[in-house]
Each structure stands twice: as C-alpha cells, then as structure tokens.
Amino acid sequence: MGELARYLVLAALLFGIGLAGVLTRRNAIVVLIGIELMLNAANLNFIAFWRHGPHPEALTGVMFVLFAIAIAAAEAAVGLALVIAVYRHYRTTNLDQIEEMKG
Amino acid sequence: MTGVGYSDLLAALAPETALVLAAVAVLFVDMGLMRSAPLRQRFLTACAVAGLGCLVTLGILASSGAHLRFLDGVLVVDSLTQWVKVFLVVLTLFTAGISAQAEFTEHVGEYFALVLLATVGMMFLVSTEEILMIFVSLELTSLSLYVLAALDKRTRHASEAALKYFLFGSVAAAFTLFGLSLVYGLSGATNLTGIAAGLRAHRSDPLLAVAVVMVIMGFGFKVAVVPFHLWAPDAYEGAPVPAAALIASGSKVASFFVLAKIAVLGFAGVEGSGAWGQLRAGWLPVLAVLAVGSMVLGNLTAIAQGHLRRLLAYSAIAHAGYVLLGLMAMGYPSQRSAALAAVLYYVATYGLTTVGAFGVASVIERVLGNGRIDALAGLSRRSPLLALCLMVFLLSLAGIPPLAGFFGKFGLFTAAMGADPAGLGLLWLVGIAIAMSTVSLYYYLRVLKQAYVVAGDEEASRIVVPWTDRLVLIAAAVGVFLLGALPELLLGPLARAIAGGNGF
Amino acid sequence: MPSAPHPYLFLALMLAVGLVFCLGMLGLARLWAVWVSPPKPGLTKGAAYECGLAPQGDVGIRFQSQYYLYAIIFLVFDVETVFLLPFAVSFTGLAPGAFVAIMVFLLLLVEGLVWAWGKGLLRWR
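Bear in mind the structure is a predicted one, so any value in this text is a computation, not a measurement.

**Topic: the overall build of chain A**
Part 1: Secondary structure summary: chain A contains three helices and zero strands in total.
Part 2: The N-to-C order of helical and strand elements in chain A reads α-α-α.
Part 3: For a compact globule of 103 residues, the expected C-alpha radius of gyration is about 13 Å, and chain A comes in at 17 Å, more than 25% above that figure.
Part 4: Seen along its three principal axes, the alpha-carbon backbone of chain A occupies a region of about 50 × 25 × 25 Å.
Part 5: For chain A, the proportion of its 103 residues judged to be buried stands at 42%.

Now the structure itself:
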C-alpha cells in the first residue's frame, strides 16, 4: 500500500467513525463531535491528495483545508448555539426526547 | 491575476456588495436607532431598510452588463447568472415583505441581516464554477438558514426544527466535502471544467462512484429529495414562516442551479444512462432513483398531512423530483439549453408560488394561532383575498393552466421526453411524474375545499390583511398568473441569456 | 480503460460500496457496543467522577449559558485568524488591492465585535 493509499484509508476510517457516531449516539453534543470528525476526515483527504498530487507547488489543497477549518468552526458555533436553544426548552440534549413533531 | 484587477472584481460583485452593506446597515439601524422602539416599528423599519437594499441590488443587476470569468471559474458573471440572481433577490424581497408584520423575535436586525446574508451566499453559489467557492457559499447560505430557523424562541418546535435541520444539513455538508475531496484527488483540479477533464481517465474507478454519490447526496439534502428529505417537513412547519419561505424558495433555486452545474459541467463524461432497460452507471441513474422516490413518496405522504406547511413541505419534495427530471434531460447534450431554460423557468416560478403560499400561511397563522388545514374552514368568507391567493398558488403548484406551474411542468416533461436521441428513454420517468401530478391535484383540492366549501364558524370576524402582506401576495399571484399566461416573458430572456453564456 | 467491464458491474459496485460503507460502520459500532462495552447503567457508572470518593451533587451541574456564549464568540474570532496567516506570510509581495481586501475582511471582523459589544454580549451578568 502506497503512502497516499494509507492516508486515504485513515481518512475513510475517520469518516466512518464520525458517521457511526452521528447515527448511533443520541446526545446532540456527541453527534456534533461526529460531524466534526467527518469534516476533518475530508480535510485529511485534501492534504494527502495535495501532498501526493501532481502539483504540490500549487497550494490548492491547503487553501481548501484552511477554508474548511474556518467553516467547521462556524458550524460548531452555530450547532452549539442551537443545542443551547433546544436545551432551554427541553432541558435535555438527548435527541430521542427532542421528538415532538411527527408526520 | 489573469488580467482582472480588483476594480473589475468589485464592479462584477457590486450586487453582492450592496446586499452585504444592506445587511450591516440593517443590523446597526436596528441596534442603534431603534433600540427602544416597539417591536412592530422595529420590524417595519428593518424591513424597509432590507427591502431598499434588495431594490438597489436589483437596480445594479438590471443596469450592469458585467461579463467576467475570473481564475478559471472561481467567479463567473454573465447574463445567465445575473438572471438567476434577479430571481433570488426578488424572492428575498418577498420574504422580507411577509416578515414586515411578524413579531416572533426581538432580534429584528439580526433576522433581516441573516436573510440578506443567506441571499448573498446563494448569489455566490450561482456565480461560481469552482468547488471551494461552491462549498464556502453553500455553507454561508446554510448556516444563515439554520439560525433563521431557530429565531422563534417562543415555541419549542422552532428550536427542535432548527436542530434537526442543522444536524441533517451538516452531515450532508460533511458528505459533500468528503466527496469533493475525492473529486479533487481524482481529477487534480478544483474548477468544474478541469474536473471534467481530469475525471476522464478515471471513468470506472470505484472511488469516483463514491465521490459522485456523496456529492449528489449532499446536494440532495439541500433540495430535499427522498431519501434525504427527513428534515424538510419539520423545518417547514417549525421554523418562523418567512424563514421557512426562504428555505423553500431561494435556497432551492440556487441549489438546483449549482447542482446542475456540478453534474453537467463537473461530471461531464460520467453521465451513464437513466433510460429504461439500459441503465448505465453514472450520475443519471442516481438522479433517476432520487426523482422516482421523491415524486412517489412526496405526493403520497402529502395526502395524509393535516398541517398546511407540512403539506407544502411534502409537495416541495415532490416538486424537487420533477426538477430532477429536467436535470436529467440536461445530461443529454442535444437537449441541454432547452432543458436548462425549462429548469430555470420551473424553479423561478415555483419559488414565487411557494413564497406566496407561505405568505398566506403566515397571515393565517398570525390570526388563527395555528396552521392546521381544518382551521381554514370558511376562509373564503372571512377573507376573499386570502382564499383567492391561496387558490392561485395551490392550483399553480398542482399544474393547472393557465398558471405558471402548468407551463413549468409542461416544459420540464417535454425536455425530458426529447432528451434521449435514441428514443423515448426517459418516458418511464415522465409517466410516473404525470401520474403523480394527478395524485397531487387531490390534496391541493382538499385544502381549497376546506377554504371554499366547508362552512366555518359563522360568528368569526373578517381577517384584516395588512398592506405589506397584501402587496406581496397580490404581486406574487399576479406574477404566477402572468408568467403562466405569457411564459415568453421569462423564457425569451432566459433563452437569450443561455445562448450568450459561457457554454452552460 | 484497457478492457471495458460490464456496465452493470460498475453500478453494482457503486451500490455495494455505498451500502458497505454505511452499514458496515453501523454494524461495527453495534458489535463494539455488544461485545466490548455492553450498557451497564448503575450508580457507579453514572457517577460524575470515578475517583474513589463518593460523588456529591448532581452530574448535570448548571453552567450559566453566558459561559457558552463567550466560548462561541471566542471560537469564531479565534479561527478567523487562520486567514491572517497566509496574509502575513506573503505580506511583502502583496499588491495594494490585496492589502485593501484583507483590511475589508478585518473590518468585517471588527464589525462583528462591535455588534457583540453593542448587543451587550461581552458584559458578564
């Protein structure tokens, strides 16, 4: 297995762990952590592809990751704010108990 | 810098800049001047400032003939993107109009600033052909919309809806980013034409399949197609009505446009085939599966809904399915520009209709306190205007001539029929679409029956529609009627813009 | 492509990869939960700290939400500085236009700070 492939497998595993966390965990905060893992897996992909790509002198991959990190932070901020807003009403962060709308 | 200076850039981005300035202005007008004013006045003032910003932006869009292609597609401004931006700003203007009488939040300036910033995100989304810019502007739009959905702090449903919308949305964003990273790795490029060229060598790479599916998944969430639709009913029902209107109209227009760009330009060469009996792997069969699921499930589930906005949500899922037919037709080069015109006409008129329908819902919910369909009984007596507008919008959604929805569907279906040069390959999809449209007529008429036939409480007083809402509703209804009766009004300029565009 | 594989093969592969990717991870998580860490809720497990001392008070201590607001505002401003890094690195070779552009970016950050200030979010209550 080449070096690039190893990075890709690691990223895929990270993504899978994040997705599994999102799908199985009921706590909103843990789900948020899972989402961050998924985003960072993609970042790892970008860096690996950039480093082992045909044009490492063009900083495309790095630029992409820089922006992705900033966006992930903004997303975390919005997510935490929403969890606080929900907590004020429901007094819980358990997603199974935040299920009033159905249909 | 390929011969483009910062001043050219600023000139091409004048509409977006104007909207950002309007967002800042509305923030500080509300925080500085209106700090101690009553809530109603703050909403009216902020709405006026935001509306003025939209009008100025429309003026800039109409007067500037900017034509720019910056850094291989990081920024693409031509007459086509200008037209789509006009749709977006008009929808935002209407959204601002139906929020003028609202009182769901005390953060008035933030509310309007977020509406404008979401629109800026959508405008960037339509005028770029580069995956980094697509991702950044997609997130600008989404993050603004998540917060908008949560702004109503009086009810717990708003925060629940917003949290669901956020969780589904950010998982979808993570899928998109992961898919884009694979696309970048396989093709070595970040602009869509370069991606298409780079992917040619990897046509049967399983990694490419994963990448295509993941990217389409992410956008499938944005446009709410089955099976990525689970957030839509809750968000449409729980969010404040104007915010839901923006989620349902403007963000749909922008997302469909950029999804078409990614699929047609970026994934050119990996179309595959969605024709009956000759499915071949690529993005066409993926879209075919999503389209069938959305049309069938959306329409059948809508029948069982008792809440007006929830019904609109399921009907929106069904409509997303119809639009996917148009996107599939764009996969066949012979039909591309006709299908693109049909798709744009459809999403523009659909957005207009939806904003109108949500406008009716907002007045009704403000007066009656709930948005259930049963509560509409006797509406035609209590407010003939509201009932008439509701009828125009719902019949247009159902696709009854001479309203815009009919012509939109007609255009989409003919584009899909003529797409496959080898025969009527997409006929099976069109058949399903027509059958399901018939089903949809049933639940739209059920709502109208409640409004027109079922007698309500005789004692109930007349509903007074404030002038701002009346303005928006009448404008939207007239627009839906005019564009349906004279589709050339919109299709003509669109066809010219497509012909004069950068090959898309 | 040296030899074109059967077109349906690709389709099947695509579906399989998609399914295995999602379901496999779910299955793994489930297996992990069953074999490695079966749920055994109890007093000891649910205690706030497992340090040997008897816990005092409730696990869910109420933090003031003010506390989180600070954290969120800090997070956003902190991460935005990531864009200043490339600016600083290439500072000497920048065109005047680029300098103005980054100043506009900084101005927007300052605008955010002024907004938070004016909104009273920086005052500890």
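**Thoughts on the overall build of chain C**
Part 1: Scanning chain C for helices and strands turns up five helices and zero strands.
Part 2: Element order for chain C, N to C, with α for helix and β for strand: α-α-α-α-α.
Part 3: Across the 125 residues in chain C, those meeting the buried criterion constitute 2%.

**Things to note about the packing of helix 4 (residues 79-98) of chain B against helix 12 (residues 250-266) of chain B**
All names here are of chain B.
Part 1: Close contact between helix 4 and helix 12 brings their axes to 9 Å; oriented N to C, the two are set at 165°. In terms of their interaxial angle, helix 4 and helix 12 are classed as roughly antiparallel. As helix 4 runs across helix 12, the sense of the crossing is left-handed. Contact residues: helix 4 offers V84, F87, L88, L91 and T92, while helix 12 offers G250, V253, A254 and F257.
Part 2: Considered class by class, the residues forming the contact of helix 4 with helix 12 number seven nonpolar, two polar and no charged.

**Notes on the domain arrangement of chain C**
Part 1: Structurally, chain C comprises domain 1 (10-39) and domain 2 (67-118).
Part 2: Between the C-alpha centres of domain 1 of chain C and domain 2 of chain C there is a distance of 42 Å.

**Examining the interface of chain C and chain A**
Part 1: Listed per partner, the contact involves 15 residues of chain C and 15 residues of chain A.
Part 2: Where the side of chain C that touches chain A is concerned, the elements lending two or more residues are helix 1 (7-36) and helix 3 (65-80) of chain C.

**What to know about the interface of chain A and chain B**
Part 1: The interface is formed by 35 residues belonging to chain A together with 34 residues belonging to chain B.
Part 2: The set of elements that each furnish at least two residues to the side of chain A that touches chain B consists of helix 1 (3-24), helix 2 (28-52) and helix 3 (60-90) of chain A.
Part 3: For the side of chain A that touches chain B, the element with the most residues is helix 3 of chain A, which contributes 16 residues.
Part 4: The residue inventory of the side of chain A that touches chain B, partitioned by class, reads 26 nonpolar, seven polar and two charged.

**Focus: the environment of A:I47**
Residue and element names in this part refer to chain A.
Part 1: Among the secondary structure elements, I47 is positioned in helix 2.
Part 2: Owing to 17 C-beta atoms within 10 Å, I47 belongs among the partly exposed residues under this scheme.
Part 3: With 16 residues separating them in the primary sequence, I47 and M63 have C-alpha atoms 9.6 Å apart.
Part 4: Non-local contacts of I47, meaning those with residues more than four positions away in its chain, are made with G61 and V65.

**Points about helix 3 of chain A**
The periodicity of an α-helix, 3.6 residues per turn, causes residues three or four places apart in sequence to face the same way.
Part 1: The end-to-end C-alpha distance of helix 3 of chain A, which contains 31 residues, comes to 44 Å, matching closely the 45 Å that a straight helix rising 1.5 Å per residue would cover.
Part 2: Following helix 3 of chain A by one or two positions, A:R91 has its phi on the positive side, about 60°.

**A short note on the confidence of the model for chain C**
All names here are of chain C.
Part 1: When pLDDT is averaged along chain C, the result is 76; 66% of the residues meet or exceed 70.
Part 2: Predicted confidence in chain C is weakest over helix 2 (residues 43-46), with a mean pLDDT of 62, and strongest over helix 5 (residues 96-118), with 89.
Part 3: ipTM for the predicted complex: 0.95, alongside a pTM of 0.90.

**Section: the environment of B:F221**
Residues and elements named next belong to chain B.
Part 1: Residue placement: F221 occurs in helix 9 (residues 206-222).
Part 2: Here F221 falls in the buried class, since 26 other C-beta atoms lie within 10 Å of it.
Part 3: Considering only alpha carbons, one finds F221 and V171, 50 residues apart in sequence, at a separation of 9.4 Å.

**Regarding unusual backbone geometry**
All names here are of chain B.
Part 1: With an omega of 5°, the peptide bond between V226 and P227 qualifies as cis.
Part 2: Relative to the helices and strands, P227 resides in the loop between helix 9 and helix 10 (231-238).
Part 3: Note that the residue after P401, namely P402, is joined by a cis bond; omega there is 5°.
Part 4: Of note, the phi angle at A224 is positive, near 60°, even though the residue is not glycine.
Part 5: Following the sequence through the fold, A224 ends up in the loop between helix 9 and helix 10.

**Overview of the nonpolar core**
All names here are of chain B.
Part 1: Of all hydrophobic cores here, the largest spans 245 residues; its most connected members are A149 and V343.
Part 2: Looking at this core element by element, the count peaks at 20 residues for helix 15 (residues 336-368).
Part 3: Every residue in contact with V343, bar those within four places of it in the chain, is listed here: F256, A260, V323, G326, L327 and L412.
Part 4: Counting residues in each nonpolar core, the second largest holds six residues, with A12, L13, F70 and V76 among its members.

**Considering helix 15 of chain B**
All names here are of chain B.
Part 1: Taking 1.5 Å as the rise per residue, helix 15 with 33 residues should run 48 Å; its terminal C-alpha atoms sit 47 Å apart, in good agreement.
Part 2: With 27 of 33 residues buried, helix 15 lies mostly within the body of the structure.
Part 3: Immediately downstream of helix 15, the backbone of G369 shows phi near 85°, a positive value.

**Quick word on the environment of A:V31**
Part 1: On the secondary structure map, A:V31 appears in helix 2.
Part 2: Through-space distance from the C-alpha of A:V31 to that of A:L95 is 9.4 Å; in sequence the pair is 64 residues apart.

**Points about the packing of helix 12 of chain B against helix 14 (residues 308-330) of chain B**
All names here are of chain B.
Part 1: The N-to-C vectors of helix 12 and helix 14 enclose an angle of 30°; their axes lie 10 Å apart at closest approach. Between helix 12 and helix 14, the interaxial angle falls into the category roughly parallel. Seen from above, helix 12 lies across helix 14 with right-handed handedness. Residue-level contacts link F256, L259, A260, A263 and V264 of helix 12 to V323, L327 and M330 of helix 14.
Part 2: For the contact of helix 12 with helix 14, the class distribution of residues is eight nonpolar, no polar and no charged.

What counts and how
Residues numbered from 1 in each chain as written. Chains lettered and ligands numbered in written order. Predicted model: local features only at pLDDT ≥ 70, side-chain atom pairs only at ≥ 80, totals over all residues. Helix = DSSP H or I, 4+ residues; strand = E, 2+ residues; numbered from the N terminus. Rg over C-alpha atoms; globule rule 2.2 N^0.38 Å. Buried ≥ 20, exposed ≤ 12 C-beta atoms within 10 Å, placed from the backbone. Axes fitted to C-alpha atoms, helices over the stretch in contact; angles between N-to-C directions. Parallel < 35°, antiparallel > 145°, perpendicular 65-115°, else oblique. Left-handed = near helix turned anticlockwise from the far one by under 90°. Contact = placed C-beta atoms within 7 Å. Nonpolar A, V, L, I, M, F, W, Y, C, P; charged D, E, K, R; others polar. Domains from an automatic or database assignment. Expected span 1.5 Å × (residues − 1). pLDDT = per-residue confidence, 0-100. Core = buried A, V, L, I, M, F, W, Y, C linked by C-beta atoms within 7 Å.

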